[in-house]
Structures are given as C-alpha cells and as structure tokens.
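Each chain, letter by letter, is given below.
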Amino acid sequence: MFQTALFLLCSVAVLHSGAETVPTSSSIDTNSLVASSTENTNQPTNGTTIFSSSVTPIPTETTSVMPTPTTTPTPVPTPEIGKWIVNETNETCIIVKMAVQFNVTYITTDHKSDFLVLDLPVNETQVKGVCGASKDIEQNITISWLTTPNSTTQNNLTLHFRKNITKNQYSLHDLQVDLAPENFPHLTNSSMSFEHRSNQFTTGLSNSYRCLKIQTLNLTKEDNKTVGEIKVSNLQFQAFHSGSATSFGFAEDCAFDTPDIVPIAVGCALALLVVIVLIAYLVGRRRSQARGYLSM
C-alpha cells in the first residue's frame, strides 16, 4: 500500500516538471502581438493595402443665401413746359406758360385703392377760352387733349381768373380738371372731375405772375373731399391782357411774396420792445426818485 502511494506521488512530480518546460500557445507575449499589429496597420503587407480605422469627417456643403435685390422705384419724369394763348378778335387776353402734373387717387370697381399720375402734354392740345368785355371781372382758359388717338372723350384743364377792381388786382380764382375714362382702366366707362377753389397767385393788373418753384394745389371732388393734387412748376401767366402781343408784361415773382405771418411777427416784436422800454423807464424813474428822497 505504501509503495503504491509513493509511485503516484513520483508520477505527479514528473508530469508537473514537464508542463513547465513545454511552451504553450497561451504563453505568447500579447504585447508583442499588439506592437506588430500596430506596425502592420501603417505599412502595406504583400501588396495589400490595410485601411486605418480612423474616419475622416466629410465636409458639409454650406449654401450661401443671396440677398434679395431691393427694387428702387422709378422716379416720375419732370413734365414739359408748354405755352397756351387765348385770342379773341385779334386781341390776346390770356397767356399761360407752365408744366403740370396730376396725381389723383380713386377706388376701383373691386373696391381697391389705385392712383393715377398724368402729365399735361405740350403738343396736340387744343385751347379755347373767354375773354369777355373789358368790364367783365372773369376770364378763363381751357386746355384739352386726348389720352390716346382713338379716345372719344377729351381731358380738360380749365383756369378761371377773377379781377378785383377795387384793389386793381387779379388772381387765379379756381381750376377744374376733367379726366377721360381711358385714364382709369379699373373703372367702367367713368370719367372723373376734380376742382380747386381758392384764390391763388394774386398780382396787379397789366402785370404777369411768375413762380418757378413747384406749387402744389389740392384737388377735391363734389363732396369737398381731397382725392389728389396738381403740381404746377415754371409757372407764368397773365390774364386781362390787352393788345395783340403774346409776350408777358412785368412779372411779379413769387420769391418776393411775403407770408402773412411775417408782418404779424414783426408787429408783435415791436410791441414787446415798446413794453420793455416802458418798463425800464418806469423802473429807472422810481430809483431816481428814491435816491432824491435819501439825499434829503
């Protein structure tokens, strides 16, 4: 029995020593394997390309938004300057020289607001007017034109001049504008009439009135509601003219017109100055009297 146990112990010892001397695959250095694999990833082996595991990011495409171009409104051209004359029995009674532009607002058939900008043409216009007798206090001139050659209704601009015998002056009393339906494509065969009623541009008899700057006059309808304006520039006119000449008389320029506020302001300043002088006089007199009492 004892011999059998001793034999088994010797066998186990021999097997253990053999296991230490024989290398196994599990005893291979893992660090060397990692190093070799790292080197192989950087260099091609046997003509085969080994791709790196790192991923290069793909650049994203950025679309630049182009700025929206701003549309600049087309400026309205300056109207041309025309000259119109009224003659009766070889006598020239009215001479008008001006550039005119109409700007009116109207409501269309579908209840929308629209506007019209129209220049008074220089050519292809007709002129008529009333001079009257020398004792008459009113004269007028009507300038007519067609919107298109095929138009059946004329456009009219009528200027009424009225004389003030007492002051020996005259002025533009009122004006009327009639525009044909062709000017309003969004209306159905409807012409429009406007007027401006107010004394404007007063000057002396036998003189002309001149104003080069733009004068803006309101245009109203029958209900006295302002619906537009008329701009008049480079204006010169003479009514109640006598003789056959077509040239203007002495011109009174609007640049020398004095607004009503100017004399009022001057009067107030003078009144204030008088009050200040009077107060200063009273104060000085009282002080001199007080010094006289003290000296006594």
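Coordinates for the structure precede this section.
These lines cover the structure that appears in this document, whether it is placed above or below. (Residues numbered from 1 in each chain as written. Predicted model: local features only at pLDDT ≥ 70, side-chain atom pairs only at ≥ 80, totals over all residues. Heavy atoms only, no water.)

Considering the pairing of strand β11 (residues 226–238)
Then, number 1: The pairing of strand β2 (residues 91–107) with β11 spans nine bridges and is classified as antiparallel. When the bridges of β11 are listed, Val 96 appears paired with Phe 237.
Then, number 2: Across three bridges, the pairing between strand β9 (residues 208–211) and β11 is antiparallel. Paired with Tyr 209 across the two strands is Phe 237, which belongs to β11.
Then, number 3: Here strand β10 (residues 215–220) runs beside β11; their pairing, made up of six bridges, is antiparallel. (Pairing = 2+ DSSP bridges. Helix = DSSP H or I, 4+ residues; strand = E, 2+ residues; numbered from the N terminus.)

Quick look at the environment of Asn 90
Then, number 1: By secondary structure assignment, the location of Asn 90 is in the loop between β1 (82–88) and β2.
Then, number 2: Overall, the relative accessible area of 71% leaves Asn 90 in the exposed class.
Then, number 3: For Asn 90 and Gly 243, which are 153 residues apart along the polypeptide, the C-alpha to C-alpha distance reads 8.1 Å. (Buried < 20%, exposed > 50% of the residue type's maximum accessible area, 1.4 Å probe, protein only.)

Examining the state of the cysteines
Then, number 1: All chains considered together, the criterion is met by two disulfides.
Then, number 2: Paired through a disulfide, Cys 93 and Cys 131 show a sulfur-sulfur distance of 1.8 Å. One quick way to see it: the torsion about the S-S bond of Cys 93 and Cys 131 is about -65°, and its sign makes the bridge left-handed. In this pair, Cys 93 sits in strand β2 while Cys 131 sits in the loop between β4 (126–130) and β5 (138–146), placing the two residues 38 residues apart along the sequence. The same class applies to Cys 93 and to Cys 131, which are both buried.
Then, number 3: At a sulfur-sulfur separation of 2.1 Å, the disulfide partner of Cys 211 is Cys 254. Taking the torsion about the sulfur-sulfur bond, which here is approximately 75°, the covalent link between Cys 211 and Cys 254 counts as right-handed. Note that Cys 211 is positioned in strand β9 and Cys 254 in the loop between β12 (251–253) and α3 (261–295), a separation of 43 residues in sequence.
Then, number 4: A relative accessible area of 0% places Cys 211 in the buried class.
Then, number 5: Numbered in order of appearance, the disulfide-bonded cysteines of the chain are paired 1-2, 3-4. (Disulfide = S-S within 2.5 Å.)

Some thoughts on the side chain of Gln 236
Then, number 1: As for its position among the elements, Gln 236 is in strand β11.
Then, number 2: At a separation of 3.2 Å, a polar atom in the side chain of Gln 236 contacts the side chain of Ser 208.
Then, number 3: Sequence-distant contacts of Gln 236, that is, excluding residues within four places in its chain, are made with Ile 95, Val 96, Lys 97, Ser 208, Tyr 209, Arg 210, Phe 248 and Ala 251. (Polar contact = N/O pair within 3.5 Å; in protein donor to acceptor, adjacent residues only side chain to side chain. Contact = heavy atoms within 4.5 Å.)

Points about unusual backbone geometry
Then, number 1: Phi is positive for Asn 90, close to 60°, though the residue is something other than glycine.
Then, number 2: Even without being a glycine, Asn 234 presents a positive backbone phi close to 50°.
Then, number 3: With respect to the secondary-structure elements, Asn 234 resides in strand β11.
Then, number 4: A residue is classified by how much of its surface remains accessible, and Asn 234, at 29% relative accessible area, is partly exposed.

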